Amino acid sequence: GTQALRAGKPDQAVTSLEYAAGQGMPGAMWKLGRMYAEGEGVGQNKLRAFEYFLNLTKTHAYEPPDSPESRFVASAFVALGQYYLDGIPDTAVKPDPAVAIDLFRHAASYFGDQDAQYHLGRLYLLGTGTAKDSVQAARWLRLAANKGQRSAQAMLGSMLFKGQGVARQPAAGLAWLTLAK
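Cut-off values and rules
Residues numbered from 1 in each chain as written. Predicted model: local features only at pLDDT ≥ 70, side-chain atom pairs only at ≥ 80, totals over all residues. Heavy atoms only, no water. Helix = DSSP H or I, 4+ residues; strand = E, 2+ residues; numbered from the N terminus. Contact = heavy atoms within 4.5 Å. Phe/Tyr/Trp six-rings, centres within 6.5 Å; stacked < 30°, edge-to-face > 60°. Buried < 20%, exposed > 50% of the residue type's maximum accessible area, 1.4 Å probe, protein only. Lys NZ or Arg CZ within 6 Å of the ring centre and 35° of its normal. Expected span 1.5 Å × (residues − 1).

**A look at the side chain of Gln-153**
In step 1: Tracing the sequence through the fold places Gln-153 in helix α9 (residues 150-162).
In step 2: Among all residues touching Gln-153, those that are not within four sequence positions of it are Ala-145, Gly-148, Trp-176, Leu-177, Leu-179 and Ala-180.

See below:
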């Protein structure tokens with residue numbers, strides 16, 4: 001399917017990927033979700049993307065974290081978390097930050113996904129869907145920052161530089177900000 005997509009044959013790609021997704025292939029489910037989310041080779045359809053990601057997370061939530069497929073599953077959890085943060089207009093998918101937190105927490109804890117760790121840290125920092133907790137925010141942001149997640153590096157750097165809810169550490173903060181840049 002991905003070869004057909006690269007060759008400029010989106011119809012053939014979708015057919016091949018749908019077949020593979022129907023067989024339970026995590027990579028195919030994830031790719032179809034991304035295609036519909038971004039409108040890559042198909043018309044953009046966020047609800048259809050949501051459904052592919054939801055199916056992937058339901059069927060592979062406990063894929064071994066060290067398996068090659070785990071990155072697709074973790075990414076699907078992050079995408080679903082974003083959909084639950086923002087909602088999808090004119091659909092039954094309404095904003096629900098508490099559900100988003102649970103999805104991010106699973107991907108961050110079980111899979112160790114750096115983007116999920118960043119989102120979780122940001123939500124704790126802002127108090128979105130949970131009580132505001134700067135210590136938890138810094139913990140999750142540091143995990144993501146240590147893995148090279150640039151937004152987490154910048155946010156953690158800012159927290160440390162300003163002393164925002166944590167002990168002020170201007171040198172460490174500046175180092176994270178510089179690394180993020």
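**Notes on the packing of aromatic side chains**
In step 1: This model, assessed by the stated rule, comprises seven aromatic pairs.
In step 2: The interplanar angle of 45° and the centroid separation of 5.4 Å between the aromatic rings of Trp-30 and Phe-72 together place this pair among those described as tilted. Remark: Phe-72 occurs in helix α5 (residues 70-86) and Trp-30 occurs in helix α3 (residues 26-38); sequence separation between them is 42 residues.
In step 3: Classification of Trp-30 as partly exposed rests on a relative accessible area of 21%.
In step 4: Of the aromatic side chains, those joined through ring pairs into one cluster are Tyr-62, Phe-77, Tyr-110 and Phe-111.
In step 5: Its guanidinium or amino end placed over the ring of Phe-161, Arg-168 lies 5.5 Å from that ring's centre, counting from NZ or CZ.

**Focus on α5**
In step 1: Here α5 spans 25 Å end to end across 17 residues, near enough to the 24 Å set by a 1.5 Å rise per residue.
In step 2: Most of α5 is tucked away, with 13 of its 17 residues classed as buried.
In step 3: Gly-87 lies just past α5 and shows a positive phi near 75°.

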